[in-house]
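Listed below, chain by chain, are the residues.
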Amino acid sequence: MHPRFLEGIRFADLTWAGAGPFSTKLFSDFGAEVIKIESRSRPDSVRIGGPFKDGRPGINRSGYFASRNTGKKSLCMNLKDPASREILFGIIRTADVISNNFGPGAMDRLGLGYEQVRAVKPDIIYLSMPMYGEDGPFANLVGVGMTISAVSGLMAQTGYEGEGPLGPGTHFPDHAANPYHAAFAVLAALRHRRATGRGMRIDLAQVESTINCMGLSFLDFAATGVERPRLGNRSAHHAPHGIFPCAGDDAWCAVAVLTDAQWRSLCAAIDAADLAADAALATAQGRLAEAGRIEAALARWTSARPARAGMETLQARGVPAAVVADPRTLMEEDPQLRHRGYWQTLDHPEIGESRFTSPPYILDGERVELRRPPLLGEHSEAVLGGILGYGPERIAALRAQGVLE
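Treat the numbers as computed from the prediction; the structure is a model and nothing was measured.

Let's talk about the side chain of Ser 74
When you line up the elements, Ser 74 lands in strand β3 (residues 73–76). The exposure class of Ser 74 is buried, given its relative accessible area of 0%. Side-chain polar atoms of Ser 74 contact the backbone nitrogen of Gly 377, separated by 2.8 Å. Discounting residues that sit within four places of it in the chain, Ser 74 has contacts with Lys 36, Glu 38, Arg 47, Pro 374, Leu 375, Leu 376, Gly 377, Glu 378, His 379 and Ser 380.

Here we look at a nonpolar patch on the surface
There is a patch of nonpolar side chains on the surface, built from Ile 243, Trp 252 and Val 324 and spanning about 220 Å² of accessible area. Structurally, Trp 252 is set in strand β8 (residues 252–256).

What about helix α14 (residues 291–302)?
Its twelve residues place the ends of α14 16 Å apart at the C-alpha level, agreeing with the 16 Å of an ideal helix rising 1.5 Å per residue. Listed in full, the buried residues belonging to α14 are Ala 291, Ile 294, Glu 295, Ala 297, Leu 298, Ala 299, Trp 301 and Thr 302.

Digging into the sheet that holds strand β9 (residues 321–323)
Taken in spatial order, the three strands line up as β7-β8-β9 in an open sheet, and their pairing is antiparallel. This sheet does not close on itself; its edge strands, each paired only once, are β7 (241–245) and β9. If you compare each strand with its neighbour and ignore which way they point, the axes differ by 20° on average. The pairing of β7 with β8 spans five bridges and is classified as antiparallel. Along β8, the bridge assignment pairs His 241 with Ala 256. The strands touched by helix α15 (residues 307–316) are β8 and β9; relative to β9, the strand with the most contacts, the crossing angle is about 160°.

Topic: empty space enclosed by the protein
This model, assessed by the stated rule, comprises one cavity of 30 Å³ or more. Looking at the largest cavity, its volume works out to about 50 Å³. In terms of lining, the largest cavity is formed by Arg 47, Ile 59, Asn 60, Arg 61, Ser 62, Phe 65, Ala 66, His 348, Ile 351, Pro 373 and Pro 374. Residues belonging to the lining of the largest cavity are distributed by class as follows: six nonpolar, three polar and two charged.

A short note on the pairing of strand β1 (residues 10–13)
Remember that side chains alternate between the two faces of the sheet whenever the strand is regular. Burial along β1 is two-sided: Arg 10 and Ala 12 and Phe 11 and Asp 13, pointing in opposite directions, are all buried. Summarising the sheet, β1 and strand β2 (residues 33–38) pair through four bridges and their orientation is parallel. By the bridge assignment for β2, Arg 10 is matched with Glu 33. With respect to chirality, the unit in which β1 leads through helix α1 (residues 19–28) into the neighbouring parallel β2 is right-handed. As paired strands, β1 and strand β4 (residues 97–100) are joined by three bridges and run parallel to one another. Bridged to Ala 12 within β4 is Ile 98.

Notes on the pattern of salt bridges
Per the counting criterion, the structure on display carries 20 salt bridges. Of the charged contacts in the structure, one is a salt bridge between Lys 25 and Asp 29, with a shortest N-O distance of 2.8 Å. Across the pair, exposure class does not vary: Lys 25 and Asp 29 are buried alike. Lys 36 is paired through a salt bridge with Asp 44; the nearest N and O atoms lie 3.1 Å apart. This pair shows no difference in class: Lys 36 is buried, exactly as Asp 44 is. Taken together, the shared-partner salt bridges connect Asp 96, Lys 121, Asp 123 and Arg 193 into one network.

Some thoughts on the packing of aromatic side chains
The final tally for this structure, using the stated rule, is seven aromatic pairs. Pairing Phe 11 with Phe 27 gives two aromatic rings, centres 4.8 Å apart and planes at 50°, and the pair type is tilted. Separated by 16 residues along the polypeptide, Phe 11 in strand β1 and Phe 27 in helix α1 bring together distant segments of the chain. For the pair formed by Phe 11 and Phe 27, the shared burial category is buried. Ring centres 5.7 Å apart and planes at 25° place the aromatic pair Phe 30 and Tyr 361 in the stacked group. With Phe 30 in the loop between α1 and β2 and Tyr 361 in the loop between β11 (352–357) and α18 (380–386), this pair connects stretches of sequence that are 331 residues apart. The buried category is assigned to Phe 30, whose relative accessible area is 3%. Residue classification places Tyr 361 among the partly exposed residues on the basis of a relative accessible area of 31%. A network of ring pairs unites the aromatic residues Phe 5, Phe 30 and Tyr 361 as a single cluster. Sitting over the ring of Phe 65, Arg 47 keeps its end group 3.8 Å from the ring centre.

What to know about the layout of surface pockets
What the largest pocket holds in volume is close to 940 Å³. Lining of the largest pocket is provided by 40 residues; of these, Trp 16, Arg 42, Asn 101, Phe 102 and Gly 103 occupy positions nearest its centre. Contributing elements (two or more residues each) for the lining of the largest pocket: β2, α4 (106–109) and α6 (145–151). Counted by class, the lining of the largest pocket contains 21 nonpolar, twelve polar and seven charged residues.

Re the sheet that holds β1
In spatial order, the strands read β3-β2-β1-β4-β5-β6; together these six strands make up an open sheet with parallel pairing. Looking at the sheet topology across the chains shown, the edges are occupied by β3 and β6 (200–203). In this sheet, neighbouring strand axes are inclined to one another by 20° on average, regardless of whether the strands run parallel or antiparallel. Note: β2 against β3, four bridges, orientation parallel. The residue bridging Ile 35 from the neighbouring strand is Lys 73, located in β3. This element, helix α3 (residues 83–94), spans β1, β2, β3 and β4 of the sheet and lies at about 150° to β1.

Parameters at a glance
Residue positions are given per chain, counting from 1 as you read along its sequence in written order. The model is predicted, so local features are restricted to residues of pLDDT at least 70 and side-chain atom pairs to those at 80 or more, both for listing and for counting; the totals for chains, interfaces and linings are taken over all residues. In computing side-chain properties, one takes all heavy atoms of the structure into account and sets aside hydrogens as well as water. Elements are defined by DSSP. Helices are runs of H or I of four residues or more, strands are runs of E of two residues or more, and each kind is numbered from the N terminus. Whether a residue is buried, partly exposed or exposed follows from its accessible area with a 1.4 Å probe, protein chains only, as a fraction of its type maximum: under 20%, in between, or over 50%, in that order. Side-chain atoms alone can form a polar contact between residues adjacent in sequence; in general such a contact is a pair of N or O atoms within 3.5 Å, and within protein one must be able to donate a hydrogen while the other accepts it. Working rule for contacts: check all heavy atoms of both residues, and any pair within 4.5 Å makes them a contact. Here the term patch refers to residues with relative accessible area over 30% and no salt bridge, with like charges joined within 9 Å and nonpolar side chains (Val, Leu, Ile, Met, Phe, Trp, Tyr) within 5 Å. Method for areas: the Shrake-Rupley scheme with a 1.4 Å probe, in which residue coverage is limited to the protein chains shown. Here a salt bridge means any side-chain nitrogen of Lys or Arg lying within 4 Å of a carboxyl oxygen belonging to Asp or Glu. Multiplying 1.5 Å by the residue count of a helix minus one yields the expected span of that helix. Pairing between strands requires that DSSP locate at least two bridges from one strand to the other. Here the axes come from fitting lines to C-alpha atoms, over the contacting stretch only for helices, and the angles between their N-to-C directions go from 0 to 180 degrees. Here a cavity is any set of points on a 1 Å grid over the protein atoms alone where a 1.4 Å probe fits but cannot get out, and a pocket is any open set with protein on both sides within 12 Å along at least 5 of 7 lines; a residue lines the site when it has an atom within 4 Å of a point. Grid points are joined across faces, edges and corners, and a volume is the space filled by probe spheres set on the points. Residues were grouped as follows: Ala, Val, Leu, Ile, Met, Phe, Trp, Tyr, Cys and Pro as nonpolar; Asp, Glu, Lys and Arg as charged; and all remaining residues, including Gly, as polar. The handedness of a crossover follows from its direction of travel: if, with the strands pointing away from the viewer, the path from the first strand over the helix to the second runs clockwise, the crossover is right-handed. Pairing of aromatic rings covers Phe, Tyr and Trp, the last through its six-membered ring, and needs centres within 6.5 Å; plane angles under 30 degrees mean stacked, over 60 mean edge-to-face, and all others mean tilted. Placement of a positive charge over a ring is assigned whenever Lys NZ or Arg CZ falls within 6 Å of the ring centre and within 35 degrees of the normal to the ring plane.

Encoded structure:
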C-alpha cells in the first residue's frame with residue numbers, strides 16, 4: 001500500500017479548532033485533497049490562539065494550527081456573502097466529503113444543510129461533529145474539548161486520591177477519540193459508497209464518542225454499583241504504580257510492578273532488603289495495602305539518580321519503567337522516535353523550518369512524507385481556477401466584491 005493511498009479523494013472542509021481539523025488531517029496526510037474553507041473575518045480559533053513561533057503572533061504563525069492542518073489547501077472567503085454559495089456548491093459537486101464541527105443548525109443557516117448539499121451532490125458523504133449530535137434534548141448545547149471532558153465523565157475520573165477532579169485537558173476529545181472515530185466513519189462511508197453508489201450522512205456526537213474512553217469505568221459501575229475513585233497515578237490492582245521524582249529539575253520516572261517476580265526484582269534493584277523480607281508484601285493485595293510505604297522507599301531511591309539512569313537500572317532487572325519525557329527530550333533524545341523517522345522538518349514561509357509529528361503508523365514499511373500547512377487563503381486562486389475553471393478576471397472581480405477575503 002502506498003502511503004498516499006487516499007489520493008483522488010476530495011474534502012470540502014469547514015471544520016475548525018481541534019477535533020475537526022485533526023480528523024481531516026488524517027486524510028490530507030495520506031494524499032486526499034482537503035480544501036480548508038476559511039474566513040478572515042472569523043478565522044480558525046487556533047490560528048489566533050498560538051503558541052506562536054518566536055512568541056510573535058500572526059495569522060500564519062500558530063504552531064497548533066500548523067500541526068493540525070498539514071497538507072491542506074486554504075480557500076478564504078466571506079461565507080456570509082451569498083456569492084460564496086455558488087463557489088461552495090461548485091466545490092461540493094466535485095467533492096467526496098463535506099465536513100464540519102459546528103453546532104446544530106449552523107450549516108443550515110449557511111445554506112449548507114444536508115438536504116441542500118445532497119440536492120447538488122447526491123452521493124456526498126456529509127460529516128457533522130457537534131458536541132451532542134444533531135438532535136436530542138441537549139443538542140443545542142455547544143462546547144469545546146474541555147467541556148466534553150467534563151460532561152463525558154473523564155474529568156471526574158482524573159485526579160489525586162481525596163482531591164477534586166483535575167481532568168485530562170482536551171487530549172482525549174480533541175486528539176484521540178473524536179478525530180479517529182470520525183475518520184473511521186468516513187472511511188467506512190467511502191467504502192459503502194464504492195459498493196453501493198450511495199452517500200451517507202454521519203452525525204458524530206463528540207460526547208458519545210468520548211464516552212468510549214470511559215468503558216472500564218462504566219463496566220465497573222454496572223457490575224458493582226460503585227464508582228471508581230480518583231487514584232492519581234496509582235492502580236487499583238498493582239503497587240507500586242506511579243510517577244517518582246528523580247535527581248534534577250522536574251525530573252520523573254514512571255514505575256509499575258505488575259507481578260510478584262517484578263516485585264522481587266525491584267527490591268533487589270533498589271537494595272530494599274527490608275521490603276523483600278516482608279512476607280506481607282509478597283502478594284499484590286499486600287502491596288496495595290502498604291502502597292504508601294513502598295512508594296516512599298522507591299522515591300528515596302529514584303531521587304538519588306537521574307531519571308534515565310533509574311529507568312535503565314530497573315529495565316535491566318525486568319521492571320517496567322520509563323522516563324517521563326518533556327517535549328524537548330522526545331524531540332532531541334528519544335532513540336526510538338529518531339530510528340523510525342517520526343519527526344519531520346518542513347519549511348514554512350512564515351514559521352521557517354519546524355519539526356512536525358508524523359502519523360503514528362507506517363504503511364508497508366513506508367513513512368508518509370508530510371506537506372506543510374497552508375497560509376490563510378494561499379490556494380484561493382488555484383482552487384477557483386483549477387477546480388471551478390474561473391478565469392483571472394472573474395477571480396479579481398470576486399476579490400474586489402469582498403467575496404474572497
